[in-house]
Amino acid sequence: MEKSPSYFVTHDVPRRMHNMSKDTKLLVVVRDPITRAISDYTQTASKRKIKSFEKLAFVNNSGVVDTSWGAIRIGVYAKHFEKWLKYFPLSSFLFVSGEELIRNPLGELTKVQQFLGLKEVIQEDHFYFNQTKGFPCLIRGVNNDNPHCLGKTKGRAHPDVDPVVVNRLREFYRPFNAKFYHMVGTNFHWDDGQYYKR
Ligand SMILES: Nc1ncnc2c1ncn2[C@@H]1O[C@H](COP(=O)(O)OS(=O)(=O)O)[C@@H](OP(=O)(O)O)[C@H]1O
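Scope of this entry: the structure provided in the associated data block. (Residues numbered from 1 in each chain as written. Predicted model: local features only at pLDDT ≥ 70, side-chain atom pairs only at ≥ 80, totals over all residues. Heavy atoms only, no water.)

### Considering the packing of helix H5 (residues 77-85) against helix H8 (residues 163-184)
Just so we agree on the cut-off: Interaxial angle, 0 to 180 degrees, is taken between N-to-C directions of lines fitted to C-alpha atoms, where a helix line uses only the stretch in contact. Working definition: helices are DSSP H or I runs of at least four residues, strands are E runs of at least two. Numbering for both runs from the N terminus. What makes two residues a contact is simply this: any of their non-hydrogen atoms within 4.5 Å. Three categories are distinguished: nonpolar for Ala, Val, Leu, Ile, Met, Phe, Trp, Tyr, Cys and Pro, charged for Asp, Glu, Lys and Arg, and polar for the others, with Gly belonging to the last.
Remark: H5 packs on H8, axes separated minimally by 8 Å, with the N-to-C direction vectors making an angle of 35°. Residues Tyr77, Ala78, Lys79, Phe81, Glu82 and Leu85 of H5 form the contact with H8, whose participating residues are Phe176, Lys179, Phe180, Met183 and Val184. Classifying every residue of the contact of H5 with H8 gives eight nonpolar, no polar and three charged.

Listed below in structure tokens is the structure:
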């Protein structure tokens, strides 16, 4: 098993993975592209000083969404996924909802176990919700005495983004999201706005 978010969007990866093994099972965790962009921005901003999200999202403050900015471009999932379908059938993929992975980790991980043909060993009591972190964490060991949350670079606080900008991005992504839902046969409900800012 190997993982990297960049595999999904890097041009030559589908062909190279197919050359390696055409039977590879592919798991893709996807979340609302707007939250994903803000998460991406937050990660970069934690390393160096950059302009505001609102400034970077548009070309010269014009209201035209800057699709050359990676944080925006990566969320156009339908375009990236088209390239994968040239090499792998839809049945090779499981799309995991990033939102549900937080809300209902057992539900999403049960689907993962089934997709991979694994024995279903994960249970409800393997998780607890850490209120401070705001995320589910794992309980390891028979005495539940070895809890494990992801590190502090996962689950950072996101900045508040101007709602006008969020709405503009919502309109920008809507057709791409619709296409993506159609391609994969799942509605992730990002356009309902119910998931933005967890
Ligand atoms: N259980 C749990 N604990 C902490 N974080 C969780 C968890 N489940 C999902 N997430 C979300 O994972 C996001 C980080 O994933 P990344 O794709 O950036 O990770 S990586 O690039 O593959 O290393 C991270 O994004 P941010 O919230 O923007 O930090 C989380 O929202």
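That shown, we press on.
### A closer look at the state of the cysteines
The line we're drawing: When two cysteine sulfur atoms lie within 2.5 Å, the pair is treated as a disulfide. Buried means the residue's accessible area, taken with a 1.4 Å probe over protein chains only, is under 20% of the maximum for its type, while exposed means over 50%, and partly exposed covers the values in between.
Inspection of every chain in the model, using the stated rule, returns one disulfide. The residue that forms a disulfide with cysteine 137 is cysteine 149, at a sulfur-sulfur distance of 2.1 Å. Across the S-S bond of cysteine 137 and cysteine 149 the torsion is about 100°, and the bridge reads as right-handed. Residue cysteine 137 is found in strand E4 (residues 135-140), and its partner cysteine 149 is found in the loop between strand E5 (146-148) and H8; the two are separated by twelve residues along the sequence. What makes cysteine 149 partly exposed here is its relative accessible area of 22%.

### As for the site of the ligand
Defined as follows: Near, as used in this document, describes a residue that has one of its heavy atoms within 4 Å of the molecule or strand being considered. In protein, a polar contact means a hydrogen-donor-capable atom and an acceptor-capable atom, both N or O and within 3.5 Å, with residues adjacent in sequence counting only if both atoms are side-chain atoms; elsewhere, any N or O pair within 3.5 Å suffices.
Near the ligand, the surroundings consist of 13 residues, among which Lys3, Ser39, Lys154, Gly155 and His158 are the closest. The separation between an oxygen atom of the ligand and a polar side-chain atom of serine 39 is 2.5 Å. For the shell around the ligand, the class distribution of residues is five nonpolar, three polar and five charged.

### What about a nonpolar patch on the surface?
We count it as follows: Patches here: salt-bridge-free residues with over 30% relative accessible area, like charges joined within 9 Å, nonpolar side chains (Val, Leu, Ile, Met, Phe, Trp, Tyr) joined within 5 Å. All accessibility values rest on the Shrake-Rupley procedure with a 1.4 Å probe; residue burial counts only the protein chains present in the view. Take a side-chain nitrogen of Lys or Arg and a carboxyl oxygen of Asp or Glu: if they are within 4 Å of each other, that pair is a salt bridge.
Taken together, the side chains of Leu27, Leu116 and Leu118 make up a nonpolar region of the molecular surface, amounting to roughly 240 Å² of accessible area. Here leucine 27 lies in strand E1 (residues 26-30).

### Some points on the environment of alanine 57
Relative to the elements of secondary structure, alanine 57 occurs in helix H3 (residues 53-57). For the pair alanine 57 and proline 159, spaced 102 residues apart in sequence, the C-alpha separation works out to 14 Å. Those residues within four positions of alanine 57 in sequence are excluded, and the remaining contacts are Val64, Val65, Asp66, Trp69, Ile72 and Val165.

### Details of the packing of aromatic side chains
What counts is decided by this rule: Each Phe, Tyr or Trp ring (for Trp, its six-membered ring) is paired with any other whose centre lies within 6.5 Å, and the angle between the two planes then decides the class: stacked below 30 degrees, edge-to-face above 60, tilted in between. We call a charge positioned above a ring when the Lys NZ or Arg CZ atom is no farther than 6 Å from the ring centre and deviates by at most 35 degrees from the ring normal.
Within this structure, the stated rule accounts for 21 aromatic pairs. The interplanar angle of 55° and the centroid separation of 5.5 Å between the aromatic rings of tyrosine 77 and phenylalanine 180 together place this pair among those described as tilted. In this pair, tyrosine 77 sits in helix H5 while phenylalanine 180 sits in helix H8, placing the two residues 103 residues apart along the sequence. The exposure class of tyrosine 77 is buried, given its relative accessible area of 5%. Owing to a relative accessible area of 0%, phenylalanine 180 belongs among the buried residues under this scheme. Aromatic pair phenylalanine 188 and tryptophan 190: ring centres 4.9 Å apart, planes at 10°, arrangement stacked. With a relative accessible area of 6%, phenylalanine 188 lands in the buried category. For tryptophan 190, a relative accessible area of 0% gives the class buried. Through pairs of rings, three or more aromatic residues link up here, namely Phe8, Tyr77, Phe81, Trp84, Phe88, Phe93, Phe95, Phe180, Tyr181, Phe188 and Trp190. The ring of phenylalanine 115 carries lysine 25 above its face, with NZ or CZ at 5.6 Å from the centroid.

### Structural notes on the pairing of E1
Put simply, the test is: Only strands that DSSP links by at least two bridges are regarded as paired with each other.
Residues Leu26, Val28 and Val30 point to one face of E1 and are all buried, whereas Leu27 and Val29, pointing to the other face, are not buried. As paired elements, E1 and strand E2 (residues 93-97) share five bridges and run parallel to each other. Its bridge partner being in E2, valine 28 is matched across the sheet by phenylalanine 95.

### Comments concerning the pattern of salt bridges
On inspection of all chains with the given rule, the structure shows seven salt bridges. Across the pair lysine 22 and aspartate 23 runs a salt bridge, and its minimum N-O distance is 3.9 Å. The two residues lysine 22 and aspartate 23 agree in class, both being exposed.

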